[in-house]
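# Examination of the molecular architecture
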2 protein chains.
Amino acid sequence: MKIEDKIETFNSLLRRRGFIWGPSPEIYGGLAGFYSYGPAGKALKNNILSMYRCELRAYGFYEVECPEILPKIVWEASGHLERFTDPVFRCKKCETMVRADKFLQEQLPNESIDGLSFDEMDKLLQLHRFKCPKCDIPFEKIEEYNLMLKTSVGNGVTAYLRPETATTTYLLFNRLNQDVRRQYPIKVFQYGKAFRNEISPRQLVLRMRAFDQFEIQLFIGKEQELNFDEFDEVSHNKLPLLDWKSQENQIIVPNKISLKEAVNNGILKKPAFAYCVFLGYHLTSKLGFPEETIRLRQHSPHEMAHYADDAWDLEINTKQFGWVEICGIHDRTDYDLKRHGEFSNQNFKIPMGTDSDSKEIPQILEIAFGLDRIIYTLLETTFNVVDERIVLNLPPQLAPNLVAVFPLVKNKENILKLAKKVHKLLLEHRITSFFDSTGSIGKRYRRQDELGTPYCITIDYDSLDDNTVTIRYRDTMEQKRVLISEILSYIDKK
Amino acid sequence: MKIEDKIETFNSLLRRRGFIWGPSPEIYGGLAGFYSYGPAGKALKNNILSMYRCELRAYGFYEVECPEILPKIVWEASGHLERFTDPVFRCKKCETMVRADKFLQEQLPNESIDGLSFDEMDKLLQLHRFKCPKCDIPFEKIEEYNLMLKTSVGNGVTAYLRPETATTTYLLFNRLNQDVRRQYPIKVFQYGKAFRNEISPRQLVLRMRAFDQFEIQLFIGKEQELNFDEFDEVSHNKLPLLDWKSQENQIIVPNKISLKEAVNNGILKKPAFAYCVFLGYHLTSKLGFPEETIRLRQHSPHEMAHYADDAWDLEINTKQFGWVEICGIHDRTDYDLKRHGEFSNQNFKIPMGTDSDSKEIPQILEIAFGLDRIIYTLLETTFNVVDERIVLNLPPQLAPNLVAVFPLVKNKENILKLAKKVHKLLLEHRITSFFDSTGSIGKRYRRQDELGTPYCITIDYDSLDDNTVTIRYRDTMEQKRVLISEILSYIDKK
């Protein structure tokens, strides 16, 4: 199958099997940048979340949940009101907006637009006198377009929908600090919606206007960053690291080295930050991405936010969109708590080091996942077409259905009854079973292959006599005859 | 303990133990109607969600997720733009808004304001010439105040934050209908945020501006509503029903009768709707509310929405706020799909009955939970103070921590190490274990009692010799010596 056909088949599967629908609301033509998850997509999302929560709990992290709407002052303090902007050209006549950097790159393919300041882009506009493609009227000047969605709460209080979950977690610092009773670092995460008024939403769920973030933080002292016990337990892990100096030397293949080595080499400066890089990678690997599709790419000093001390993107290699960032790992220093301390008149200095007389504002190390991006990239990288057979090789614990149960024929009362009994038995053991009695068995297998269901169980005439069923395993297509009483242990073993 | 003291102790516990914090953001003074969940509250929420999802899956329901922001036309079709309003008085001078019905009820305690039309309330205003309490200037007239939060998407498209999840699920009807392949009813649910710009948010998380809904729907044909197989499996269940006719006769104690009886009596008209009433009650009982705190109260025909055919509130009896609705069960008829069909020019008629030539617009039966209200009422009803001992008697599977692990002393390396090993062992078995090494054992027990932790495990000097630990059970305070290798089976058995 040609790569373009494969991509088309994949995109159609996303809709056809109830993974992703949109833009939503479809029956009203859709609003760009908003998508819905169907039953399969939502089940996959829930399974990923369960796995992340379980893993993070084991690493000592606790979850919080904060509002999506916050007053203006929060975003003044965070810097989002001032800096969370895109450069745009707006047509005076038709009011169309285009993103200036994307537009300039298209018009000037030989220039390097990425990284130019607003002023520099404005100069290019003046030089070339670019026009609105629709109206043929010259654009006048560059505008700063803020990406936050605005609303008004109560009797006219200006507020914004959060463009990230992270800031809302930082604001809980005092409460979290009471909660941990001086056991540092504070380990916390939040999962929830964030909103960005993208000028041109694109690439399905990769650049949406409302999306799910899963952001993990360490609030940590400067001393502990360099002397972090837990790093020793993970430092032997080898990660595919592509540091910025290698990138400057045109190296594009990441170097798989241990974190210990990376710290010794100075590629990673702080053991606590290296631990965060590990956590980001560890959670990603757990999802079953093929190893060669993952890399960790360091930002160059120019690419980073002005306050950041280090930043890495965890990227997945996709067929449709190339390398896609699904996670960012950032050393944010004490920037956030310093700013919120100033704007709220709170004192966030606490004793975090061995010298209990000395107080400091905690540093924040952050691991930020985009959950919708995980879902897209995971589906794409586990999607396979072999001899016209379409199959999602999702890890069993993430599959929307772990098992599907088929009565061979649907008009035989006894077979139907036994099949329903097996289905119910599985559900009672918290196994996500899907019951399907319509269409030929072959069709039913194909449907479940496309949903990534690892096990299909068929109840037939023999089942009535000897209490056995056929279990068919997705990855090998091997079929085995198993006693009903042994189904659970068979699945457990696998 | 006096009831007021008990309530105060409870309210302080919510904050002190990290259940609920707010209004958020606290460090900036808070925005009324927005709250955050701390680690304990969020863990409880997750556990409730897991239980609901697991139960609903067993009853054949599938989950979807839709955007929180939708364009204006959706809310025109749903009727929210026109009807989702509160009556308010606004002061011409200070711009303060008060809710007209609440204000009138306070000023005229002997009149019955509930159920009055906007016009009738306006007449009362004109009659009594009520004034703004701050400025002493008469209010001029009643205003309709829409409760939806408005925003602008992309280049100026007007959109609203959804005031409920339900509408967004209805819009998926075509997709869901393809997905089920003619196996009716369509059973679906959605969990997520809804937003209402309440004029006076109050009662902690009971009336917020951003809150969690968990809404369940059946899309069903008229024939199947009356002839619903699955009803037979649940019809023997006895539920505390308080129908509207009894309420008119001043009866306030619900009648515990079987659903079969209720249908035969005509208290519930349709078996499929009775099944929904059962589901609402069943999910609530599963959470461990004391039986006497639950009742199902039917709306009188005047209380219902104009399109509704039947409506019941599932209410919990609280000490602080009286009967609180945590769930509404509504027979919405074909109102929603009819309206969205008209506004979107889609044909939603499908063959749902035994006569496959006859097509109809599906009816919607709905079970709508407010998740934050579940959390508040569950915490309040399981909160107990006995002889100064504060304890949350949450069902074990919902408790934020199932187990807490304590090293008796924290400066003995061997004890600390063994305790950490036990903690890790539990986490590996997906048991939510909490590690605590600070303060006296008595203090640590008290802390876990306040979090509702069912089991506390202490590792002491003897543990080093004989590999046993002390398990203390929350509800009986019984302490038992158990081998480390037997901890898991001990907890399992309980």
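Values in this document were obtained by computation on a predicted structure and should not be read as measured data. (Residues numbered from 1 in each chain as written. Chains lettered and ligands numbered in written order. Predicted model: local features only at pLDDT ≥ 70, side-chain atom pairs only at ≥ 80, totals over all residues. Heavy atoms only, no water.)

## Some thoughts on helix α5 (residues 100–107) of chain B
If you check which residues of α5 of chain B are buried, you get Ala 100, Asp 101, Phe 103 and Leu 104 of chain B. The buried residues of α5 of chain B all sit within an arc of 165° when viewed along its axis, so they share a single face. (Buried < 20%, exposed > 50% of the residue type's maximum accessible area, 1.4 Å probe, protein only. Helix = DSSP H or I, 4+ residues; strand = E, 2+ residues; numbered from the N terminus. Arc of directions from axis to C-beta.)

## Structural notes on the relation of the copies chain B and chain A
Of the transformation placing chain B onto chain A, the axial shift is 0.0 Å and the rotation is 180°, giving an RMSD of 0.1 Å. Such values leave the two copies arranged in the relation of a two-fold axis. Considering only C-alpha atoms, the part of chain B nearest the rotation axis is Thr 151 of chain B, at 2.6 Å. By residue overlap, the copies meet face to face through one surface: 100% of the interface positions of chain B are interface positions in chain A. (Least-squares fit on C-alpha atoms with pLDDT ≥ 70 in both. Contact = heavy atoms within 4.5 Å.)

## Thoughts on the domain arrangement of chain A
Accessible area lost upon the coming together of the parts serves often as the stated size of an interface. All names here are of chain A. Taken domain by domain, chain A comprises domain 1 (3–80 + 149–383), domain 2 (88–146) and domain 3 (401–493). Both faces considered, domain 1 and domain 2 share a buried interface measuring about 500 Å² in area, 50% of it formed by carbon and sulfur atoms. It is Asn 197, Ile 199 and Arg 202 that lose the most area in domain 1 upon contact with domain 2, and together they represent 74% of the buried surface on that side. Across the contact surface, domain 1 and domain 2 share 0 salt bridges. Counting across the interface, domain 1 meets domain 2 through 2 residue pairs in polar contact (both at pLDDT 80 or more). A per-class count over the side of domain 1 that touches domain 2 returns 1 nonpolar, 2 polar and 2 charged. (Domains from an automatic or database assignment. Buried area = accessible area lost by both parts, 1.4 Å probe. Salt bridge = Lys/Arg side-chain N within 4 Å of Asp/Glu carboxyl O. Polar contact = N/O pair within 3.5 Å; in protein donor to acceptor, adjacent residues only side chain to side chain. Nonpolar A, V, L, I, M, F, W, Y, C, P; charged D, E, K, R; others polar.)

## Side note on the packing of aromatic side chains
Residues and elements named next belong to chain A. Inspection of the entire model under this criterion finds 40 aromatic pairs over all chains. Here the aromatic rings of Tyr 455 and Tyr 490 are separated by 6.4 Å at their centres, their planes lie at 75°, and the arrangement is edge-to-face. A residue pair is termed long-range when its members are at least 10 positions apart, and Tyr 455 in strand β22 (residues 455–459) and Tyr 490 in helix α19 (residues 487–493) qualify at 35 residues. Given a relative accessible area of 2%, Tyr 455 falls into the buried group. Members of the aromatic cluster, connected to one another through ring pairs, are Tyr 52, Phe 189, Tyr 191, Phe 214 and Phe 369. A cation over a ring is seen here: Arg 295 above Trp 323, with NZ or CZ 4.0 Å from the ring centre. (Phe/Tyr/Trp six-rings, centres within 6.5 Å; stacked < 30°, edge-to-face > 60°. Lys NZ or Arg CZ within 6 Å of the ring centre and 35° of its normal.)

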